[in-house]
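Structure assessment
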Amino acid sequence: QVQLVESGGGLVQAGGSLRLSCAASGTIFSINALGWSPQAPGKQRELVAAVTSGGSTNYADSVKGRFTISRDNAKNTVYLQMNSLKPEDTAVYYCNAERVVTTRRGVYDYWGQGTQVTVSS
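Report follows, based on the coordinates. (Residues numbered from 1 in each chain as written. Predicted model: local features only at pLDDT ≥ 70, side-chain atom pairs only at ≥ 80, totals over all residues. Heavy atoms only, no water.)

1. Section: the overall build of the protein chain
Looking only at helices and strands, the protein chain features 0 helices and 11 strands. Shown N-terminal to C-terminal, the secondary structure of the protein chain runs as helices and strands in the order β-β-β-β-β-β-β-β-β-β-β. Taking 14 Å as the expected radius of gyration for a compact globule of 121 residues, we find that the protein chain reaches 14 Å, a close match to that expectation. The principal-axis extents of the C-alpha atoms in the protein chain amount to approximately 50 × 25 × 20 Å. Split into buried and exposed, the 121 residues of the protein chain put 42% on the buried side. Look at the contacts in the protein chain between residues 6 or more apart in sequence, and 56% of them connect residues 24 or more apart. Carbon together with sulfur atoms contributes 45% to the accessible area of the protein chain, which is approximately 6,700 Å² in total. Computed over 11 positive and 8 negative side-chain charges, the inter-centroid distance for the protein chain is 6 Å. (Helix = DSSP H or I, 4+ residues; strand = E, 2+ residues; numbered from the N terminus. Rg over C-alpha atoms; globule rule 2.2 N^0.38 Å. Buried < 20%, exposed > 50% of the residue type's maximum accessible area, 1.4 Å probe, protein only. Contact = heavy atoms within 4.5 Å. Areas by Shrake-Rupley, 256 points an atom, 1.4 Å probe, with all protein chains shown as cover. Lys, Arg positive; Asp, Glu negative; His and termini not counted. Charge placed at Lys NZ, Arg CZ, Asp CG, Glu CD.)

Below, the structure written as structure tokens:
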């Protein structure tokens, strides 16, 4: 079993910052990519930032220059530093782990339960 637990969400004023964390635990051998996907009410979940095991990163245009994703492979943890937050960033932010190889050599994708980020104007 593999679990992803997010933390760090909250309420912040526009222009402020938050740092999200997501720790993966369980029968993990390796994780290919980790990412963050916010989902606002009435909208689809959208991947906005991802980082591979080698450290390569990708960002959606909507967050480039404002969000920074990083990971600690030893801790199986991914972070999302969010700066210059805007009201339109308000969403539940889900962490996902792509192509997780378990100790039994199964390969699966996993999602966390999400953490609420609210940006007030």
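That shown, we press on.
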